[in-house]
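Understanding the architecture of this molecule
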Amino acid sequence: MTMRVAIIGAGVSGLVSIKQCLEAGLEPVCFEALGHFGGQWHYTDPDPLTGEVVSSIYRSVVINTSRETMMMSDFPMDPKLYAIYPHNSRVQRYFESYVEFFKLQPHIHLNHRVRGAHPVGDGKWTVEVESGGQATVDTYDAVFVCTGHHSAPNMPDWQDVGEFEGELLHSHYYRDTVKFQGKDIAVVGVGNSGVDISAELSTCTKSTHLITRSGTWVWPRFLFGEPYESLGSRFMLQMMPRFLSIAATQWVLNYTLGTIPKELKPEHNLLAAHPTVRSDLIERVRTGTITPHRGAIKRFTKKGLELTSGEMVEPLDAVVAATGYTLNFPFLPKGIVQSDGDRDGKENWTNLYRLMVAPGHPGLYFIGLCQPLGALMPVSEMQARWATSVLKNEIPLPSPERMHEDIAAYQRDLKKVFVKSPRHTLEVEFFPYMDMLARDFGAHVTFGRFLSTFGVWQGVKTARAAYFGPPSAVQYRLFGKGRKEELARLVLQRLARKGDEEMSLEEMAEVERYRAGN
Ligand SMILES: NC(=O)C1=CN([C@@H]2O[C@H](COP(=O)(O)OP(=O)(O)OC[C@H]3O[C@@H](n4cnc5c(N)ncnc54)[C@H](OP(=O)(O)O)[C@@H]3O)[C@@H](O)[C@H]2O)C=CC1
Ligand SMILES: NCCS(=O)O
């Protein structure tokens, strides 16, 4: 009997899960609460009646991970069709072509909201779904939770918020500048939402204030004319000593940006916080269109707010809290995901082995519940490859006790490397995490395999591309289970040549060759 897998959510993690289930000979049944797939990358206007929004992205969002690093390992983004950093509508277009190419649509049930998922023994789960007012319950051999972690806004419990006569909104609800033009606005938080929104607002407001309690390093999208991620090659991150790669990267950033305004300058090192990317942020501060402030919020006043430093930020018409998101799995029994130490549920610590498996709850997998230093898409794809291999009994899972030890070790390491913050509880470094999962099904990269697979000349060329080229997941299609080695070789070598070189006819022919086999 074919195993049936309930997939909750048809965002990017749901889509790659459907595709990997199909490839593994499993039957995916994907439930999507909304009337479209694409998750966060499907921009929506607010509901005209309720003002509610579903996606957290604003109208102008341009992705901050480059084409090379965000594309799926076996579905290249052709530079002819996609900019190096595409606008959100183009990212959604890429997902649409992915769905079309891999024939995923028949497996997606739109407007189907999962109300509950419960274990029934033997690793099986019942899933209760509501659609058009009708509830149905069915049993599945496994459940993949693909609902992400950027939907439930984290709105801090600030003092005297009720006093404030202006508007306080979370960045989740921000769409565009229209209602803020000519006004005095403060944005709180310097994650990617905070810097994007403040930079955009600063083009049309009377004043734009940017408030941060920890500061941030701000990466421009391009360094020396190349995507900033080019500095994160396998060689740089894995073969150079860590202190040296941090020092070299820090030097490049300092050289490019000059002295960081003191209000923004963090105390942590470059790789100790999730990267913030915005090319014009420092320029906006230096040209006086953004006024930065350092400090936490002490209280709100009628006209604005007071920082812990005693500084008053007034007058303000609106405050945008770009303060991130919390975990939310309303359809799961309590206690499965969040770790016991996370009493108020806002610390974002999870209890998941490899960020995917809940010890003692067989059959339940989380795909995309991680925060990579790099793009999420290929990491979700790798997780789906791994989880489907586990379901096929090709990868053994350790005992729940071993899983708990592993979770504790991961969390200890995180605390050593990253600034303590609910932002840094799901962080993974691209190559170590991808290599760890790939190794379990033989898709990892070793120098010897280049030579034995491609011969000396092509082997050395491909190895050079994999070690020194951009950190692309294409290299996980060179070897092992699920390999598409000719396509991977061609794409990797093209990416390493840099620039905007379009896909070659040979590459396209390779893509078509496996479309035919689909
Ligand atoms: N262009 C793109 O591709 C974009 C991508 N994104 C992605 O979306 C995800 C979410 O990003 P984002 O919404 O920025 O959220 P983040 O969690 O990354 O950042 C939240 C920010 O809010 C601050 N903050 C949290 N709580 C408080 C508080 N009580 N008082 C003051 N400051 C507070 C944090 O500061 P501290 O560090 O001190 O905790 C941090 O600066 C990320 O993965 C990001 O990369 C977002 C926008 C654009
Ligand atoms: N960091 C935002 C890009 S992502 O991979 O979704």
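From a predicted model like this one, the values you see are computed outputs, not experimental measurements.

1. What about the pattern of salt bridges?
- Taken as a whole and assessed by the stated rule, the structure comprises 35 salt bridges.
- Salt-bridge contacts for R489 lead to E486; the nearest nitrogen and oxygen are separated by 2.9 Å. Here R489 and its partner E486 are both found in helix α12 (residues 485-496), 3 residues apart, which amounts to about one turn of the helix.
- For R494, the salt bridge identified is with E507, shortest N-O distance 2.8 Å. Placement of the pair is R494 in helix α12 and E507 in helix α13 (residues 505-516), with a sequence separation of 13 residues. Grouping residues by exposure puts R494 and E507 together as buried.
- Counted as one network, the salt bridges with shared partners bring together K19, E23, D74, E381, R477 and K484.

2. A closer look at the sheet that holds strand β10 (residues 184-188)
- On the basis of which strands lie adjacent, the open sheet formed by 5 strands has the order β9-β20-β10-β11-β16 and parallel pairing. At either margin of the open sheet sits one strand with a lone partner, and together these are β9 (167-170) and β16 (291-294). The mean inter-strand angle of the sheet, taken between neighbouring strand axes irrespective of direction, is 20°.
- Direction of pairing for β9 relative to strand β20 (residues 318-321): parallel, over a ladder of 4 bridges. Looking at the pairing, H170 lines up with A321 of β20.
- The strands touched by helix α4 (residues 192-201) within the sheet are β10, β11 (207-212) and β20, with β10 carrying the most contacts at an inclination of about 165°.

3. Quick notes on the nonpolar core
- Within the largest apolar cluster, 140 residues are counted, with the highest numbers of intra-cluster contacts made by L15, F144, L332 and W386.
- Here this core gets 8 residues from one element, more than from any other, and that element is helix α8 (residues 377-391).
- Judged by nonpolar contacts, the second largest core, of 13 residues, contains F164, A186, V188 and V319.

4. Topic: the domain arrangement of the chain
- Parsing the chain into structural domains produces domain 1 (4-150 + 327-441), domain 2 (155-323) and domain 3 (445-517).
- Spacing between the C-alpha centres of domain 2 and domain 3 amounts to 38 Å.
- Of the residues lining the interface, 7 residues belong to domain 2; the matching set on domain 3 comes to 9 residues.
- Applying the counting criterion to the domain 2 and domain 3 interface returns 0 salt bridges.
- At the junction of domain 2 with domain 3, the criterion picks out 4 residue pairs in polar contact (both at pLDDT 80 or more).
- Broken down by element, the side of domain 2 that touches domain 3 gets its largest block of residues, 3 residues, from helix α5 (residues 234-239).
- Taken together, the residues of the side of domain 2 that touches domain 3 break down into 2 nonpolar, 2 polar and 3 charged.

What counts and how
Per chain, residue numbering runs from 1 following the sequence as it is written. Numbering of ligands from 1 and lettering of chains from A proceed in the order in which they are written. Predicted model: local features are reported for residues with pLDDT of at least 70 only, side-chain atom pairs are reported and counted for 80 or more only, and whole-chain, interface and lining totals are derived from all residues. Computation of side-chain values: all heavy atoms of the structure, hydrogens and water removed. One speaks of a salt bridge when a side-chain nitrogen belonging to Lys or Arg is within 4 Å of a carboxyl oxygen belonging to Asp or Glu. The helix count covers DSSP runs of H or I at least four residues long, the strand count covers runs of E at least two residues long, and both are numbered beginning at the N terminus. Buried means the residue's accessible area, taken with a 1.4 Å probe over protein chains only, is under 20% of the maximum for its type, while exposed means over 50%, and partly exposed covers the values in between. For two strands to count as paired, DSSP must find a minimum of two bridges between them. Axes here refer to lines fitted to C-alpha atoms; in helices the fit is confined to the stretch in contact. Angles between the N-to-C directions go from 0 to 180 degrees. Contacts are assigned to residue pairs with any non-hydrogen atoms lying within 4.5 Å of each other. Here, nonpolar core refers to any group of buried Ala, Val, Leu, Ile, Met, Phe, Trp, Tyr and Cys residues whose side-chain atoms link them within 4.5 Å. Segment limits for the domains were obtained from an automatic or database-derived domain assignment. Two N or O atoms count as a polar contact when they lie within 3.5 Å, although within protein this holds only if one can serve as hydrogen donor and the other as acceptor, and sequence-adjacent residues are included solely when both atoms are side-chain atoms. Throughout this entry, Asp, Glu, Lys and Arg are counted as charged residues, while Ala, Val, Leu, Ile, Met, Phe, Trp, Tyr, Cys and Pro are counted as nonpolar. The remaining residues, Gly among them, count as polar.

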